[in-house]
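Survey of secondary and tertiary structure
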Amino acid sequence: MEQLHIEASTYCNARCPLCPRSLYGYKVEGVYPEVHLSVEKFKNALERFPQRKFVYFNGHLGDPMMNPNIVELVKLTGCRTEVTTNGSIGTKQSWQDLAKNNVIVRFSIDGLEDTNHIYRQDVQWNKIMERVKWFIEAGGYATWKWIPFDHNKHQVEEARALSKTLGFARFDVSNHGRNYGPALDR
């Protein structure tokens, strides 16, 4: 296997309405136990896949940046590595370390300051922008992943322009089905 999809954590600071971790913005107890992938367990997994060329830390079950050992985990991959995150968590040092280790970071930002929180509930815009700047200023390769919704689709070109201003390498529109459900708040 040349490509590995890794879930580094089942913890998340967001309540995205159509995420399997939450049902319409409410945490579903007992569906996913909250755990972090340990360094030892990851080392064992990597030994079984020596021919890997790409390791992808995704956030299907939680945000990889919630794992306090995310920097140590990415250092172990020995190949091209990507982390997908809502971008609102992590220390300045962790973001700088990811950049120094040539990790590609895919920031899931689905709106501008006035709309991102409609789907990425409990995620604060100013924290995302702070971490984006920490990462890009440290030399990191950042992509902006945008899911179009009825509440944000009018902003896509403004967001694309902002991504260039901030120094993102790419801006990707990802229409993968989550955008057809309701974005309910508490």
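Refer to the preceding data block for the structure.
Attention here is on the structure that accompanies the text. Bear in mind the structure is a predicted one, so any value in this text is a computation, not a measurement. (Residues numbered from 1 in each chain as written. Predicted model: local features only at pLDDT ≥ 70, side-chain atom pairs only at ≥ 80, totals over all residues. Heavy atoms only, no water.)

1. A few points about the overall build of the protein chain
Filter applied, for reference: Numbering of helices and strands starts at the N terminus; helices are DSSP runs of H or I of at least 4 residues and strands are runs of E of at least 2. Contacts: residue pairs with any heavy atoms within 4.5 Å of one another. Areas reported here follow the Shrake-Rupley algorithm with a probe of radius 1.4 Å; residue values treat only the protein chains shown as occluding.
Each helix and strand in the protein chain was counted, giving 6 helices and 8 strands. The N-to-C order of helical and strand elements in the protein chain reads β-β-β-α-β-α-β-α-β-α-α-β-α-β. Counting contacts in the protein chain only where the partners sit at least 6 residues apart, residues at least 24 apart contribute 73% of the total. Surface summary for the protein chain: the accessible area is close to 9400 Å², and the carbon and sulfur share equals 50%.

2. Here's the deal with the pairing of strand β4 (residues 54–58)
Under the convention used in this document: Classification of residues uses two cut-offs on accessible area relative to the type maximum, computed with a 1.4 Å probe and protein chains only: under 20% is buried, over 50% is exposed, and between them is partly exposed. Should DSSP find at least two bridges between two strands, the strands are taken to pair. Whether a crossover is right-handed depends on one test, that the path from the first strand over the helix to the second runs clockwise when the strands point away from the viewer.
Counting buried positions over the 5 residues of β4 gives 5, a clear majority of the element. Bridging between β4 and strand β5 (residues 80–85) involves 4 bridges; their strand directions are parallel. Each bridged residue has a counterpart across the sheet, and for Phe54 the counterpart in β5 is Arg80. Read as a crossover between parallel neighbours, the route from β4 over helix α2 (residues 70–76) to β5 is right-handed.

3. Some thoughts on unusual backbone geometry
Here Asn102, not a glycine, exhibits a phi torsion of approximately 60°, which is positive. The topology assignment puts Asn102 in the loop between α3 (92–100) and β6 (104–108). Even without glycine at this site, Asp122 takes up a positive phi of about 70°. Structurally, the position occupied by Asp122 is in the loop between α4 (116–119) and α5 (125–137). Judged by its relative accessible area of 43%, Asp122 is partly exposed.

4. Structural notes on helix α1 (residues 39–47)
For clarity, the cut-off: The directions considered for the arc run from the helix axis to the C-beta atoms.
When we look at burial in α1, the residues that qualify are Val39, Phe42 and Leu46. Burial along α1 is one-sided: seen end-on, the buried residues are contained in an arc of 60°. Across from the buried face of α1, at angles greater than 90 degrees, the exposed residues are Lys41 and Glu47. Contact partners of the buried residues in α1: β1 (3–7), β4 and α2.

5. So, the state of the cysteines
Worth spelling out the cut-off: A pair of cysteine sulfur atoms is labelled a disulfide when the two atoms are within 2.5 Å.
Summed over all chains, the structure comprises 0 disulfides. Note on Cys12: no disulfide assigned, nearest cysteine sulfur contributed by Cys16 at a separation of 6.1 Å. According to the relative accessible area criterion, Cys16 is buried, its value standing at 6%.

6. So, the packing of α3 against α5
Note the following rule: Note on geometry: axes are lines fitted to C-alpha atoms, helical ones only across the stretch in contact, with angles between N-to-C directions running from 0 to 180 degrees. Oblique is the label for any angle not under 35 degrees, not over 145, and not in the 65 to 115 range, which are roughly parallel, roughly antiparallel and roughly perpendicular in turn. When the near helix sits turned anticlockwise from the far one by under a right angle, the crossing is termed left-handed; a clockwise turn instead gives a right-handed crossing. By the convention adopted, Pro, Cys, Tyr, Trp, Phe, Met, Ile, Leu, Val and Ala count as nonpolar, Lys, Arg, Asp and Glu as charged, and the other residues, Gly among them, as polar.
Two elements in contact, α3 and α5, have axes whose closest approach is 8 Å; the angle formed by their N-to-C orientations is 40°. Classed by the angle they form, the pair α3 and α5 counts as oblique. Seen from above, α3 lies across α5 with right-handed handedness. Residues Lys92, Trp95, Gln96, Leu98 and Ala99 of α3 pack against Arg131, Trp134 and Phe135 of α5. Its residues placed into classes, the contact of α3 with α5 shows 5 nonpolar, 1 polar and 2 charged.

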